[in-house]
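Structural features, examined
What follows is the residue order along each chain.
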Amino acid sequence: MKAGYKQVKRMTTYMRLNHWVVAFSMIGAIVTGLYIGHPYYQSFIADPAVGKYVMAWNRWVHFMIAIIFDVSSIVIAYMYFFSRFEKPYKKIIPNAQNIKEFVEVIINLVTLNRRKNFDSTHADSFNTVFFLVFHLMLAWMLLTGLQLYVHGLASGLSSIGNWWPWMLHVATDWTIPVSNMLIGSASPTACIMDVRISHHITMWWIIAWIMFHVYYQVWRTIFWKEGDIGIVVSGSKFVKED
Amino acid sequence: MSDKIEGVKKLFTSKSARVETNKGDAYYEQLFKKCHERIESLKTNQPINNRLDIGDVLETHGIERRDFLKWASAVTGMLMLPSSFTPLVADAALLMNRAPVIWLELSDCAGNSEALLRSDGPKIDEIVLDVISLEFHETLQATAGHQAEKQLEDAMEHFKDKYLLFVEGAIPMANNGSFGTIGASGETMHDHLVRVSKHAAAIVAVGSCATFGGVPAASPNPTGAVGVMDVIKGKPLINIPACPANPANMVGVIIHYILTGQVPELDSLLRPKFAFGYRIHDNCERRAHFDAGEFVEEWGDEGAKNNFCLYKVGCKGPMTFNNCSIIRYNEGVNWPVGVGRGCIGCSEPDFWDKYAYERPMADANIKAPTGGVEKTVDEFGLGLLTAAGIGIGIHAAASMAAGKKEEVGE
Ligand code: HEM
Ligand code: SF4
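As the structure is a prediction and not an experimental result, all values here were calculated from the model. (Residues numbered from 1 in each chain as written. Chains lettered and ligands numbered in written order. Predicted model: local features only at pLDDT ≥ 70, side-chain atom pairs only at ≥ 80, totals over all residues. Heavy atoms only, no water.)

Residues and elements named next belong to chain B. For chain B, mean pLDDT is 85; residues scoring 70 or higher make up 90% of the total. Looking across chain B, the model is least confident in strand 11 (residues 374-375), with a mean pLDDT of 60, and most confident in strand 4 (residues 171-172), with 96. Within the model, the stretch residues 368-373 combines pLDDT values under 50 with ten contacts to residues more than four positions away or in other chains. (pLDDT = per-residue confidence, 0-100. Helix = DSSP H or I, 4+ residues; strand = E, 2+ residues; numbered from the N terminus. Contact = heavy atoms within 4.5 Å.)

What follows is the structure, encoded as structure tokens:
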């Protein structure tokens, strides 16, 4: 550690684990999701049928990742309020202090770090809101994805019991009219295609989000010189001692 | 907006698309008793206008009773009833002419009437529909003009609150409905529908135009076409979409009505669950090829010759609810995917704009969220990423040139 710097813990082991699970799952979901949307490679036509199960494997991976997302999202939602480490909801509430910090972080970004009037020891309000956007998009992917999925269980049966499709209908049927609104459809009657369109478009917003996220964390590391990128690896960063 | 909010409310309160294929013995025993009583009492009624006896008609067409019973057991299965109901269903079919039907045709191509008639080699479904007591059908009847209006008035008066109203075609709403008028008095289709539906026992919207606006409502929808459910509220309404609606499903709904006196169980879009509870894709004969990733890449290629899955040439079976992959058309002769032509989702709302293109959704020119611009979702996505990339690039370049790095104390 450089002299004059102190180490601050920013992420628990669980948080870091979750970060990488989500990151790799996201890549997997995009790769398989794009295949489902438009099968972009072909199975070898000469192969016997038993030797290829390409779409089915892609869907399998997509849904397995979905389940990992499900679990991780429930835990994240819980942590927003009950984390013993840092409760993110405290940084989302639009009170005067948070709004000021939010604006200051943006000013820091657009003035290319010429002005830095906030405490970067803790998770700042801007980043927390930015993550909230991500979590909302992820939740939307889950809900629309499960809505697309539940219709394959049309008889109301599933291998784990009837409660599962029943619950999915109750939890996700509302995404149909909401998707219709989100995609700006002219039709008065919503349909399942709206959900699929929204599921697909939201993926692009998520990819754009990832681009900015990665860029911003690297940028912070370079310009703040506080080792921010290390947060997701070792769990800590370094800030100057006062 | 307000009707969209209404729609959200409805989705939360309405029963979902879940189909219950088995409701338990107690339920079916009680239903059987009820249906049996109803059929017996209907038998004592006289046929209304149509005095064709279905037994005779079937015989004229050279259809044996054995085939008729086979058909009845298939319909029983389609309606998701236990096989013990087969004799009741057969009886209900024989009593078809006890249900008075008024048929309206609005903004459409008459394809559903066409499907219903299919005079060239009719099958039992169509024959059964032949003997319903069709009191009024402007396209088919001989009368016209004032005479036809008179006949409609008579039928409405005579069977007040008893007739089934079948509606085919969308309702043009723009310019006060002046895009479509009917009859000698130039009544708009909207007023016509409202007037005739007032004393209907139930309304059956057949075909995609009558249910969701269909092709007339396709973008930019110049006539402001909408479906029956957007116009008529507070009446029992059954939607049988598809282009055309499958006569088997029309028969199913009428038989269900005759048998039980009720409309069948409906999903949130008012479609009978027995027909629209399942996706095409889940019962498709090409599904194994879908799972194997074997797709027709272009018309007439090696994959097409091998009956591969039609997903990449635009099959919308995965997003379409209908039973054509189970019962097919023309009594099991064939159906779109069977002939090598992907599903165009003709039984879904807005199908012309959102489903009917020969490529996967991701590659299609559908309306982008930005409004009128026609773009594929992927083009939109790449545009979004390009914009994000340019923004990041500018910021990065500026940071390199003018950014202030923190002093590292050493
Ligand atoms: C969060 C990241 C996710 C991404 C980036 C993603 C992406 C995609 C994409 C691009 C498609 C193809 C849509 C099309 O063009 O037709 C798709 C389809 C689908 N996704 Fe996702 N998805 C994600 C999460 C989920 C989740 C959580 C579920 C939950 C089960 C899910 C279930 C589905 C289903 C069921 C389909 C349709 C597959 C089919 O009909 O065969 N997805 N996804
Ligand atoms: S042809 Fe269409 S409905 Fe059949 S498996 Fe392929 S995508 Fe599904």
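Moving on, we get to the pairing of strand 2 (residues 133-137) of chain B. Here is the key point about a regular strand: its side chains alternate between the two faces of the sheet. Residue and element names in this part refer to chain B. The element strand 2 is largely enclosed, with a buried count of four among its five residues. For strand 1 (residues 100-105) and strand 2, the ladder comprises four bridges, and the chain directions are parallel. Bridge pairing in strand 2 places Trp103 opposite His137. (Buried < 20%, exposed > 50% of the residue type's maximum accessible area, 1.4 Å probe, protein only. Pairing = 2+ DSSP bridges.)

With that settled, consider helix 10 (residues 189-197) of chain B. Those residues of helix 10 of chain B not exposed but buried are Met189(B), His192(B), Leu193(B), Val196(B) and Ser197(B). Looking straight down helix 10 of chain B, one finds that the buried residues subtend no more than 115 degrees of arc, so they occupy a single side. (Arc of directions from axis to C-beta.)

Let us now look at the coordination of the iron atom of ligand 1. Perfect tetrahedral coordination of a metal by four donors corresponds to 109.5 degrees between them, and perfect octahedral coordination by six donors corresponds to 90 or 180 degrees. All names here are of chain A. Protein-derived ligands of the iron atom of ligand 1 are His62 (NE2) and His199 (NE2), with the metal-ligand distances lying across 2.0 Å. One way to put it: the six donor atoms around the iron atom of ligand 1 meet at angles of 87 to 179 degrees, and that makes the site octahedral. Within this pair, whereas His62 is found in helix 2 (residues 54-82), its partner His199 is found in helix 8 (residues 192-224), the two being separated by 137 residues in sequence. Taken individually, His62 and His199 each receive the classification buried, so the pair is uniform in this respect. (Donors = N, O, S within 2.8 Å, 3.2 Å for Na, K, Ca; no water. Tetrahedral: all angles 85-135°; square planar, octahedral: opposite > 155°, others 65-115°.)

Residues and elements named next belong to chain B. Read from one edge to the other, the open sheet built from five strands follows the order 2-1-3-7-9, with strand pairing classed as parallel. Sheet topology places strand 2 and strand 9 (237-240) at the edges, where each strand pairs with a single neighbour. The sheet shows a mean angle of 20 degrees between the axes of neighbouring strands, direction not considered. With four bridges joining them, strand 7 (residues 202-206) and strand 9 adopt parallel strand pairing. Note on strand 9: the bridge partner recorded for Val204 is Ile238. Of the strands in this sheet, strand 1 and strand 2 are in contact with helix 8 (residues 145-158), which crosses strand 2 at around 140 degrees. (Axes fitted to C-alpha atoms, helices over the stretch in contact; angles between N-to-C directions.)

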